[in-house]
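# Fold and geometry: a report
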Amino acid sequence: MAAASGLVRRPLRQVSGLLRRRFHRTAPAALQVTVRDAINQGMDEELERDEKVFLLGEEVAQYDGAYKVSRGLWKKYGDKRIIDTPISEMGFAGIAVGAAMAGLRPICEFMTFNFSMQAIDQVINSAAKTYYMSGGCQSVPIVFRGPNGASAGVAAQHSQCFAAWYGHCPGLKVVSPWNSEDAKGLIKSAIRDNNPVVVLENELMYGVPFEFPEAAQSKDFLIPIGKAKIERQGTHVTVVAHSRPVGHCLEAAAVLSKEGIECEVINMRTIRPMDIETIEASVIKTNHLVTVEGGWPQFGIGAEICARIMEGPAFNYLDAPAVRVTGADVPMPYAKILEDNSIPQVKDIIFAIKKTLNI
Amino acid sequence: MRKMLAAVVSRVLSGVATQKPASRVLVASCNYSKQATFEIKKCDLYRLEEGPPVTAELTREDGLKYYRVMQTVRRMELKADQLYKQKFIRGFCHLCDGQEGCCVGLEAGIRHTDHVITSYRAHGICIARGLSVRAVLAELTGRRGGCAKGKGGSMHMYAKNFYGGNGIVGAQGQLFEAYNMAALWKLPCVFICENNRYGMGTAVERAAASTDYYKRGNFIPGLRVDGMDVLCVREATKFAADYCRSGKGPILMELQTYRYHGHSMSDPGVSYRSREEIQDVRSKSDPIMLLKDKMVNSQLASVEELKEIDSEVKKEIEDAAQFAITDPEPPLDELGHHIYSSSLPFEVRGANQWIKFKSIS
């Protein structure tokens, strides 16, 4: 299941103004856009809007992007705005940070965030901390983006989730889009933000089409960084997730709904600064909390959410301890049966929800 | 009595007839040369007074061995391509067909006790370093018979004195740090660049300020080698290894080679280079073809004999592939094993706090 959505290219079905009839104002039929195209659109619009914005990374220009996310951009904007780099993450991340300090607005692509480890010193020490260290003198308006977390069969060195690592650092903003709307709105906000923003995309989501609301089709469509979204209202349990697992949570919610359990599913959208208020308000309503993430359990996103819930008003409303659903605490194995059991599956989410509801 | 004798004789005769063709070959082997000397391309030298010899002696035995191993690697990679398209192999798969001269020539020039490490395009070196085709293919299909028990996959195969197979590459800064320390401390280290002209989809001219990689060790001497000629690679490797063993410090070897496949199975390999270029290399510089021509033309082997080896290799690959797709996946309860070495058993957390896996070293 996991592999299929990434490998199968679903055709873009575009049904737009053609269906609008002349004398009656009917709502346009739903536009379907893949996450890949949404990111592409977002970057394209920001490149057009501000000539200081540029994209650099491996294979982003002439190859159209390793995962085709930057398809067509080099053809449109040329060598000065879309730059192919040698395979030197530490080097080109450093160059990007320098460019941001000097007044440009770079989008630095890591082919996957696993490779960002090669450059992490630049992300943290040169980008994240600088505004603070300089007493507010030097800002670093940079975006680091790329696919994060598990893919399909790419094994231990290519499957790590960096949400907790980057979410740990003050000075960084970290966002994690799930669907196309998230992807476009968040990349645009990230590019316009004057701070270093890490955008954790997901390779398996790139090819997945979603309904694209009319608002999202605007060139000024922005999703605020630091605000979560309630994807599904519910009353019995709050289920919080980011990135691809949001889809799994909605699937679990659909299954449980048939059993009379209504889950409130929250799409975090931003890891840092975390929108704990939305989660708290929901827990106060439902009295139960389950967090879901792809990364490792220890010191992870779920761990932080649980800690903050305990520190705030929602603790007194919990009827049971909060439960975390995470990746297994192992380096990602290659064999399919082992890999499938190393990431949170829908059945694991359902199990956790029932456990916390004592069902 | 006569009947029994006839039966015995016929059994013996039929036994001879069904013996492996090798017996026929042995009889005819007195028609072959035991060894031959070939001219090999002179290596470009950097900071070296002398280089490897410009001739190489090849014994019949060695020639047959190199041919067999190169053909094994070639066939195995093509089988991997097929298995990937049939979805038995998942994730990343970086094939090295075209570069067989490098891995076989390297192994021919060093000892089993020397240590080797490389990048993800490692299947060839795995075979050269002694892993069986079965172990490699079963690892690619993620089965318990794989050399990493199915847990590593294509990029994470290890063997004695072979440290993988690594997925994170390209760190040029780290490379120069390594050059510095190796030279500073005179470490016996051969740095090898398999220059196949492209870094993923980018030609070397677009990524390197200087494409004379053998000179980029700066204070480290280097040589540029024809990576498509297994004998050239062997002689250069011997030379480099001797250089290091004599205490002179590190040395750099650039092997000029070519990969027929794209960067990985998800790269068709023709958006950044032409089919004509690939075909040109294949028809003029294929390492297996070059060795075959050498051996046949100097009576080290016959065309038929080499064809025989081709059949044997083909069978070996087929058997290994069959094993690779029928061997079961690793058992689920081993998911947590091998986190730590030399450790008492402990528990590993699964997708939630109620799912636990035992972890054994």
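Rules used throughout
- Residues numbered from 1 in each chain as written.
- Chains lettered and ligands numbered in written order.
- Predicted model: local features only at pLDDT ≥ 70, side-chain atom pairs only at ≥ 80, totals over all residues.
- Heavy atoms only, no water.
- UniProt positions renumbered as here; feature names shortened; annotations may be inferred.
- Helix = DSSP H or I, 4+ residues; strand = E, 2+ residues; numbered from the N terminus.
- Buried < 20%, exposed > 50% of the residue type's maximum accessible area, 1.4 Å probe, protein only.
- Contact = heavy atoms within 4.5 Å.
- Areas by Shrake-Rupley, 256 points an atom, 1.4 Å probe, with all protein chains shown as cover.
- Rg over C-alpha atoms; globule rule 2.2 N^0.38 Å.
- Lys, Arg positive; Asp, Glu negative; His and termini not counted.
- Charge placed at Lys NZ, Arg CZ, Asp CG, Glu CD.
- Expected span 1.5 Å × (residues − 1).
- 1 Å grid on protein atoms, 1.4 Å probe; cavity = no way out; pocket = protein on both sides within 12 Å on 5 of 7 lines; lining within 4 Å.
- Points joined across faces, edges and corners; volume = space filled by probe spheres on them.
- Nonpolar A, V, L, I, M, F, W, Y, C, P; charged D, E, K, R; others polar.
- Domains from an automatic or database assignment.

One UniProt comment on chain B, placed under Cofactor (unreviewed entry), says "thiamine diphosphate".

Looking at an unreviewed UniProt entry, chain A carries the name Pyruvate dehydrogenase E1 component subunit beta, with the source organism given as Trichechus manatus latirostris. Quoted straight from UniProt, the Catalytic activity (unreviewed entry) entry for chain A says "N(6)-[(R)-lipoyl]-L-lysyl-[protein] + pyruvate + H(+) = N(6)-[(R)-S(8)-acetyldihydrolipoyl]-L-lysyl-[protein] + CO2".

### A short note on the overall build of chain B
Helices and strands together make up the secondary structure of chain B, namely 12 helices and 10 strands. Across the 361 residues that make up chain B, the buried fraction comes to 49%. Across chain B, every contact between residues at least 6 apart in sequence was considered, and the portion connecting residues at least 24 apart equals 68%. Element-wise, carbon and sulfur atoms account for 54% of the exposed surface of chain B, whose accessible area totals about 17,900 Å².

### Some words on the overall build of chain A
When helices and strands are counted, chain A shows 13 helices and 14 strands. Relative to its length of 359 residues, chain A is compact, with a C-alpha radius of gyration of 20 Å against a globular reference of 21 Å. Of all intrachain contacts in chain A linking residues separated by at least 6 positions in sequence, the fraction that spans at least 24 positions is 80%. When the accessible surface of chain A is split by element, carbon and sulfur atoms take 55% of a total near 14,600 Å². For chain A, the centre of its 38 positive side-chain charges and the centre of its 39 negative side-chain charges are spaced 6 Å apart.

### Observations concerning helix 3 (residues 60-85) of chain B
The α-helix winds at 3.6 residues per turn, so residues separated by three or four positions along the chain end up facing the same way. The first and last C-alpha atoms of helix 3 of chain B sit 38 Å apart over 26 residues, in line with the 38 Å expected at 1.5 Å per residue. Lys87(B) sits one or two positions beyond helix 3 of chain B and adopts a positive phi of about 70°.

### Some details on empty space enclosed by the protein
Residues and elements named next belong to chain A. For the coordinates displayed, the defined rule picks out 5 cavities of 30 Å³ or more. Considered as a void within the structure, the largest cavity measures approximately 310 Å³ in volume. Residue lining of the largest cavity: 25 residues in total, with Gly149, Ala150, Gly294, Gly295 and Ile343 positioned closest to the centre. Residue classes in the lining of the largest cavity are distributed as 11 nonpolar, 12 polar and 2 charged. Counting contributing residues, the lining of the largest cavity receives three or more from each of domain 1 (34-217) and domain 2 (229-357). If you add up the space inside the second largest cavity, you get close to 90 Å³. Counted by class, the lining of the second largest cavity contains 5 nonpolar, 8 polar and 1 charged residues.

### Looking at the UniProt feature "domain: Transketolase-like pyrimidine-binding" (unreviewed entry) in chain A
UniProt's feature table lists "domain: Transketolase-like pyrimidine-binding" (unreviewed entry) at residues 33-208 of chain A, given in the numbering used throughout. With 36% helix and 16% strand, residues 33-208 of chain A has end C-alpha atoms that lie 8 Å from one another.

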